[in-house]
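Observations on the three-dimensional arrangement
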Amino acid sequence: MFVKKVDTIIIAMFSAFLNKILKLNLYPYQVLTYILISTVFGIYAAGVCGLDWQAVQMLWPFVASLLLFAAFINYILKTRILVLISWLLLFFLAGAVLYSWQKAAYFPKIDIQDETLTTSGEIINDPYLSYKNQEIIVKTIHNGQSFLLLAKVPRYPKFSVGDSVKITGKLQKPGTIEDFDYERYLRGKRVAYTMLMPENAEKIESMKSLKYQILRYLYQFKHAFEESLNKNLHEPYSSLAAGIITGAKRSMPESLANDLSVAGLTHIVALSGFNITIIIVAISAALSSFLSRKKIFALGALLVFAFIIMTGASSSVVRAGFFSLLILFGKTLGRKAYQVNVLLITAVVMLTFNPFILTDDMAFQLSFMAFCGIIYLSPIISRSVEKSFLKSLPSYIKAPLSETLSAQIMVLPLISFAFGKISLIAPISNVLVLWIIPLAMLLAFITGFAAIMVAPIGTFFAYITWPVLYYIIAISKISATLPLAMLEVKKSSYLISILFYSLIFIYWRSQQKRIVGEKEIS
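Residues numbered from 1 in each chain as written. Predicted model: local features only at pLDDT ≥ 70, side-chain atom pairs only at ≥ 80, totals over all residues. Heavy atoms only, no water.

1. Things to note about the overall build of the chain
When its secondary structure is counted, the chain shows 21 helices and 11 strands. For the chain, with 522 residues in total, the buried portion stands at 45%. Partitioning the contacts of the chain with sequence separation of at least 6, the portion at a separation of at least 24 is 75%. Only carbon and sulfur atoms are counted for the fraction: they give 67% of the accessible area of the chain, which is about 28200 Å². (Helix = DSSP H or I, 4+ residues; strand = E, 2+ residues; numbered from the N terminus. Buried < 20%, exposed > 50% of the residue type's maximum accessible area, 1.4 Å probe, protein only. Contact = heavy atoms within 4.5 Å. Areas by Shrake-Rupley, 256 points an atom, 1.4 Å probe, with all protein chains shown as cover.)

The following block contains the structure:
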């Protein structure tokens, strides 16, 4: 009898659920949201499962049959839900096809033998210069197959982007170095093979195309800017100034990098869009009473463009600038539903050019999750700030503070999953530091730029910039030395990340219901 009642309840619940699904009515923007999400999940599934091009091609007949079947059922039952489901599956498969196709194109299977080979190609990156070598990414062809090769060559002769080079050495497939997945890291850059200790590397010529000429000028300006900061500010202040403007962390002292990490302030020197986002949000809040949304958007777009130029216009910088511009555009639209679709469209466009960044590029993942935090959590955090002792602060401080804290909350599970560390002091250190970041960026920019034009003027502004940088470093150092500032967790623990995001979702839902309830009462 009991089993029969349970069966009856289950059937009733299933019937109610099915009836609700069949009567589901969606607005056009909601349909677009689901389609874009399906595409992203298709790319993600293909990346996690490692689907190859041949396996995905076999699924097309199944999907075509499914679409025809859905159309027939829709004609019989007069419902569109099955058609929607089939279209979602179609775009899911399209995402998987995109990933597998580019995987076959950028990661050809080459029979690597323990022998020396000579290959030639053109450098596509700004060479990373360390104290003992320089890293270059070369677009080359071997046995008729094109791929990207990362080579670590001697410091001299110095190479630049657009140089045509000839390299002789042993081709290797990247693997794991200690606990660092080097292959995954390079896959996000679409690098298929490495040549770590080539026997010879020589420059053939410099490519004269307009693209490479522009990139050379941008990188030269970036290097000159960083050098001017080094001449006018001693360490660690010069490294911090370069970091918050260009994201350069090559010469940053290990002690400062560690303090920023423990204090949860690494984002201020990371090219994930945080730094320019702070500036844009502060300017939007400060000018909202004087300028329209369109004029603020135009001003923010100019700032993003200047930021991209200042940092050399590398792919990671362009993505960071793109997301920052997206935040400003979302504020111009003003409606959360459209902001979500703009975010998803931007993500799909980026993934179309490089689908590997979804699973293998931490900067892209952090930018994406940070923007989700700004969309969904910042209104709730702003309400909390208005009810706290911080309510008396001016809007150009409260706005970036609320949105950056929202972004920090959303990236926290991702950071704990990737690095095995959680900064418990981050909320406090961010409150103490974020308000001064716009001023620090402005003064650092003036110092570096003025030093290039007229050296004495740069030196003068360096004296003004130093106290601001000193404050940031002092807060970072004090925060890092506090007990229980950093919590060590098990690295790559899916369970911890899922638990964190579940708690964030529960908190968001409870606050949404509370807001709705307050509106109904009022």
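2. Remarks on helix 8 (residues 237-246)
In terms of residue burial, helix 8 counts as a mostly covered element, since 10 of its 10 residues are buried. Those residues of helix 8 that fall on the buried side of the exposure criterion are Tyr237, Ser238, Ser239, Leu240, Ala241, Ala242, Gly243, Ile244, Ile245 and Thr246. Phi for Gly247, located one or two positions after helix 8, is positive at around 80 degrees.

3. What about a nonpolar patch on the surface?
Residues Phe445, Phe449, Ile452, Met453, Val454 and Ile457 make up a contiguous nonpolar surface patch of roughly 480 Å² in combined accessible area. In terms of residue count, helix 19 (residues 437-453) provides more of the nonpolar patch than any other element does, four residues in total. For Phe449, the location among the structural elements is in helix 19. Its relative accessible area of 33% is what places Phe449 among the partly exposed residues. (Patch = residues over 30% accessible without salt bridge, like charges linked within 9 Å, V, L, I, M, F, W, Y side chains within 5 Å. Salt bridge = Lys/Arg side-chain N within 4 Å of Asp/Glu carboxyl O.)

4. With respect to the nonpolar core
The tendency in soluble globular proteins is for nonpolar side chains to be buried side by side. Judged by nonpolar contacts, the single largest core of 54 residues is most densely connected at Ile136, Ile167, Phe364 and Phe368. It is helix 15 (residues 362-376) that provides the largest number of residues to this core, a total of nine residues. Within the second largest apolar cluster, 35 residues are counted, among which are Leu233, Ala263, Val468 and Ile473. (Core = buried A, V, L, I, M, F, W, Y, C linked by side-chain atoms within 4.5 Å.)

5. What about the pattern of salt bridges?
Counted under the stated rule, the structure contains four salt bridges. For Asp163, the salt bridge is made with Lys203, and the minimal N-O distance between the two is 3.8 Å. With Asp163 in strand 5 (residues 163-169) and Lys203 in strand 9 (residues 200-206), this pair connects stretches of sequence that are 40 residues apart. Classification of Asp163 as buried rests on a relative accessible area of 1%. Notably, a salt bridge pairs Asp360 with Arg184, separated by 3.3 Å at the nearest N-O pair. Note that Asp360 is positioned in helix 14 (residues 357-360) and Arg184 in helix 6 (residues 182-187), a separation of 176 residues in sequence. The exposure class assigned to Arg184 is partly exposed, which follows from its relative accessible area of 31%.

6. Comments concerning the environment of Pro236
Along the chain, Pro236 turns up in the loop between helix 7 (210-232) and helix 8. Separated by 21 residues in the primary sequence, Pro236 and Ala257 place their C-alpha atoms 9.9 Å from one another. Setting aside chain neighbours within four positions, we find Pro236 in contact with Pro253, Leu256 and Ile473.

7. Examining the environment of Ile204
Residue placement: Ile204 occurs in strand 9. C-alpha of Ile204 to C-alpha of Val165: the two residues are 39 residues apart in sequence and 5.2 Å apart in space.

8. Observations regarding the packing of helix 7 against helix 8
When two helices pack together, their arrangement is given by the angle between the helix axes and by the axis-to-axis distance. Two elements in contact, helix 7 and helix 8, have axes separated by 8 Å at closest approach and are oriented at 150 degrees. If you check the angle between helix 7 and helix 8, you find them roughly antiparallel. Crossing geometry of helix 7 relative to helix 8 is assigned as right-handed. In this structure, helix 7 contributes Lys222, Phe225, Glu226, Leu229 and Asn230 to the contact, and helix 8 contributes Ser238, Ala241, Ala242, Ile245 and Thr246. Of the residues that constitute the contact of helix 7 with helix 8, the class distribution is five nonpolar, three polar and two charged. (Axes fitted to C-alpha atoms, helices over the stretch in contact; angles between N-to-C directions. Parallel < 35°, antiparallel > 145°, perpendicular 65-115°, else oblique. Left-handed = near helix turned anticlockwise from the far one by under 90°. Nonpolar A, V, L, I, M, F, W, Y, C, P; charged D, E, K, R; others polar.)

9. What about unusual backbone geometry?
Following Tyr156, the chain continues to Pro157 via a peptide bond in cis, the omega torsion being 0 degrees. Relative to the helices and strands, Pro157 is located in the loop between strand 4 (145-154) and strand 5. With an omega of 0 degrees, the peptide bond running from Glu235 to Pro236 counts as cis. At Arg190, a position not held by glycine, the phi torsion is positive, near 65 degrees.

10. Describing the packing of aromatic side chains
As enumerated under the stated definition, the model contains 14 aromatic pairs in all. The interplanar angle of 35 degrees and the centroid separation of 6.0 Å between the aromatic rings of Phe505 and Trp508 together place this pair among those described as tilted. Taken together, the residues Phe505 and Trp508, both in helix 21 (residues 494-521) and three residues apart, mark about one turn of the helix. Since its relative accessible area comes to 17%, Trp508 is described here as buried. (Phe/Tyr/Trp six-rings, centres within 6.5 Å; stacked < 30°, edge-to-face > 60°.)

11. Thoughts on the side chain of Asn125
Residue placement: Asn125 occurs in the loop between strand 1 (117-123) and strand 2 (128-129). Here the side chain of Asn125 touches Ile137 through a polar contact of 2.9 Å, landing on its backbone nitrogen. Apart from residues no more than four positions distant in its own chain, Asn125 is found in contact with Glu135, Ile136, Ile137 and Val161. (Polar contact = N/O pair within 3.5 Å; in protein donor to acceptor, adjacent residues only side chain to side chain.)

12. Digging into helix 20 (residues 455-481)
Taking 1.5 Å per residue as the helical rise, helix 20 with its 27 residues ought to reach 39 Å, and the 37 Å between its terminal C-alpha atoms agrees with that figure. Turning to helix 20, the residues buried within the fold contact helix 7, helix 8, helix 9 (254-263), helix 18 (426-433) and helix 19. (Expected span 1.5 Å × (residues − 1).)

13. Here we look at the packing of helix 15 against helix 16 (residues 378-386)
For the pair helix 15 and helix 16, interaxial distance at closest approach is 4 Å and the crossing angle is 55 degrees. Compared by their axis directions, helix 15 and helix 16 come out oblique. Within the contact between the two elements, helix 15 uses Gly373, Ile374, Ile375 and Tyr376 and helix 16 uses Ser378, Pro379 and Ile380.

14. Considerations on the pairing of strand 3 (residues 133-142)
Most of strand 3 sits inside the fold, with seven of its 10 residues counted as buried. In this structure, strand 1 lies alongside strand 3, joined through three bridges in antiparallel fashion. Paired with Glu122 across the two strands is Lys139, which belongs to strand 3. Bridge count for strand 2 against strand 3 is two bridges, and the pairing is antiparallel. The partner of Leu129 across the bridge, within strand 3, is Gln134. Counting the residues between successive antiparallel strands, the hairpin from strand 2 to strand 3 contains three residues. (Pairing = 2+ DSSP bridges.)

Read these as spatial facts, not as claims about activity.
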